[in-house]
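Below, each chain spelled out in residue letters.
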Amino acid sequence: MIAVKDLVKTHPWQRVLVKDMPRLRVLDGINLTVPRGEVAAVIGSSGSGKSTLLRCINGLEPFQAGTIQVDTQQLLPDTSPRSSAASLLALRRNVGMVFQQFNLFPHLNVMDNVTLAPCRAMHWPRAKAEENARRLLDRVGLASKLKAKPEQLSGGEQQRVAIARALAVQPQVILFDEPTSALDPRMSGEVLAVIADLARDGLTMLIVTHDMSFARQVARRVHVMHAGKIIESGSPSEVFTAPIQETTKSLVREFNAK
Ligand code: ADP
Ligand code: MG
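Attention in this report is confined to the structure presented alongside it. For clarity, every value in this text was computed on a predicted model and none was experimentally measured. (Residues numbered from 1 in each chain as written. Chains lettered and ligands numbered in written order. Predicted model: local features only at pLDDT ≥ 70, side-chain atom pairs only at ≥ 80, totals over all residues. Heavy atoms only, no water.)

Comments concerning the pairing of strand β10 (residues 229-234)
Regular strands show a simple pattern: their side chains alternate between the two faces of the sheet. Two strands pair when backbone bridges link them, and strand β9 (residues 221-226) and β10 are joined in this way by 5 bridges, in the antiparallel orientation. Each residue of the ladder has a partner; that of V224, found in β10, is E232. Counted between consecutive antiparallel strands, the loop separating β9 from β10 contains 2 residues, among which A227 sits at a positive phi close to 50°. (Pairing = 2+ DSSP bridges. Helix = DSSP H or I, 4+ residues; strand = E, 2+ residues; numbered from the N terminus.)

This is how it looks when you write it as structure tokens:
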């Protein structure tokens, strides 16, 4: 479902400052595949490139080399004349994203947050979009909050709205960027329960997380990022119990100490 090949990304000012200096590549030759229906976790220290990788897969960031394929849509480097606005749009509709800071539209109520993309981008009739939103908000336990504004909700509730919003356009893939880092343990639990429920449904998901017990519970594979590379991949028990790379060992120790 997701196939990332030899992905390289630098930021413009880095290219100006030190041309082609490999250590300044935010993503330095990433290869990653996530089969249809699989849940994969990405772990790695801050600054290792995890968010940038998700943003590239979602078509939010251009990249300089390699390819990204999501289902039938392919993204090419920004230098390629073949990357088209149409395929970018098609890809974004197929990939939902959930951010650490929820990123709900603050001026819209819960229902309008969830119906906005289906109505605007997919031109669904209002009634169909609302019916879909009610079903999704019921699923994430927020059927009674349809008229609430984001500021009237707890962090955990806002994140569950964000998940319903990501699901509203019926994407084949959902990317989560540290979905529970901004939440206290109880609210994290509510959000993780929703994500685990989606995993059982066979949605393809790529989840950046620091929560090892959660990764163990839902992920089939765990990928470890360091300095723009994936340095180790394996099942949760391989990566967390018997890591091979020194960097992974110290990361796992750090997570365990928390
Ligand atoms: P992570 O999510 O793993 O913490 P990020 O993907 O956010 O890491 O960032 C990876 C690296 O890219 C960091 O060194 C960061 O400083 C750099 N970076 C991120 N965004 C930009 C940008 N817009 N311009 C320049 N450098 C950036
Ligand atoms: Mg990040």
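So, the side chain of T209
Mapped onto the elements of the fold, T209 is located in the loop between β8 (204-208) and α8 (212-218). Using a relative accessible area of 4% as the deciding quantity, one classes T209 as buried. Within polar-contact distance, the side chain of T209 engages the backbone nitrogen of D211 at 2.9 Å. (Buried < 20%, exposed > 50% of the residue type's maximum accessible area, 1.4 Å probe, protein only. Polar contact = N/O pair within 3.5 Å; in protein donor to acceptor, adjacent residues only side chain to side chain.)

Considerations on the sheet that holds strand β1 (residues 2-9)
Sheet strands pair by backbone hydrogen bonding; their relative direction is either parallel or antiparallel. With respect to topology, 4 strands assemble into an open sheet ordered β2-β1-β4-β5, the strand pairing being antiparallel. Edge positions in the sheet fall to β2 (27-34) and β5 (73-75), since each of these pairs with one other strand and no more. Between one strand and the next, the sheet's axes are offset by a mean angle of 15°, whatever the strand orientation. Both β1 and strand β4 (residues 65-70) contribute to a ladder of 5 bridges, which runs antiparallel. Pairing of A3 across the sheet is with Q69, part of β4. Relative to the sheet, helix α2 (residues 50-57) contacts β1, β2, β4 and β5, its axis offset from that of β1 by approximately 120°. Where helix α3 (residues 85-94) meets the sheet, its contacts fall on β4 and β5, and the angle it forms with β5 comes to roughly 115°. (Axes fitted to C-alpha atoms, helices over the stretch in contact; angles between N-to-C directions. Contact = heavy atoms within 4.5 Å.)

Some points on the environment of I43
Tracing the backbone shows I43 in strand β3 (residues 39-44). If we skip the residues at most four places from it in the chain, I43 touches K50, T209, V222, H223, V224, M225, V239, F240, L251 and F255.

Some remarks on the packing of aromatic side chains
Applying the stated criterion across every chain, the model contains 0 aromatic pairs. Positioned above the aromatic ring of W124, the side-chain terminus of K128 is 4.2 Å from the ring centre. A cation sits over an aromatic face here: R165 above F105, 5.0 Å from the ring centre. (Phe/Tyr/Trp six-rings, centres within 6.5 Å; stacked < 30°, edge-to-face > 60°. Lys NZ or Arg CZ within 6 Å of the ring centre and 35° of its normal.)

Quick notes on unusual backbone geometry
Note on backbone geometry: most residues besides glycine have negative phi, and most peptide bonds are trans. Notably, N103 is not glycine yet its phi reads approximately 55°, a positive angle. Looking at the element boundaries, N103 is found in the loop between β6 (95-98) and α4 (110-120). In this model, E178 sits at a positive phi of 45°, which is unusual for a non-glycine residue. Among the structural elements, E178 can be located in the loop between β7 (173-177) and α7 (185-200).

A word on the pattern of salt bridges
Counting across every chain of the model gives 16 salt bridges. Here R126 makes a salt bridge to D112, at a shortest N to O gap of 2.9 Å. Here D112 lies in helix α4 and R126 lies in helix α5 (residues 126-139), a separation of 14 residues in the sequence. With its nearest N and O atoms 3.9 Å apart, the salt bridge here joins E157 to K145. Of this pair, E157 sits in helix α6 (residues 155-167) while K145 sits in the loop between α5 and α6, and the two are 12 residues apart along the sequence. Given the relative accessible area of 16%, E157 is considered buried. Through salt bridges with shared partners, a single network forms among D112, R126, E130 and R134. (Salt bridge = Lys/Arg side-chain N within 4 Å of Asp/Glu carboxyl O.)

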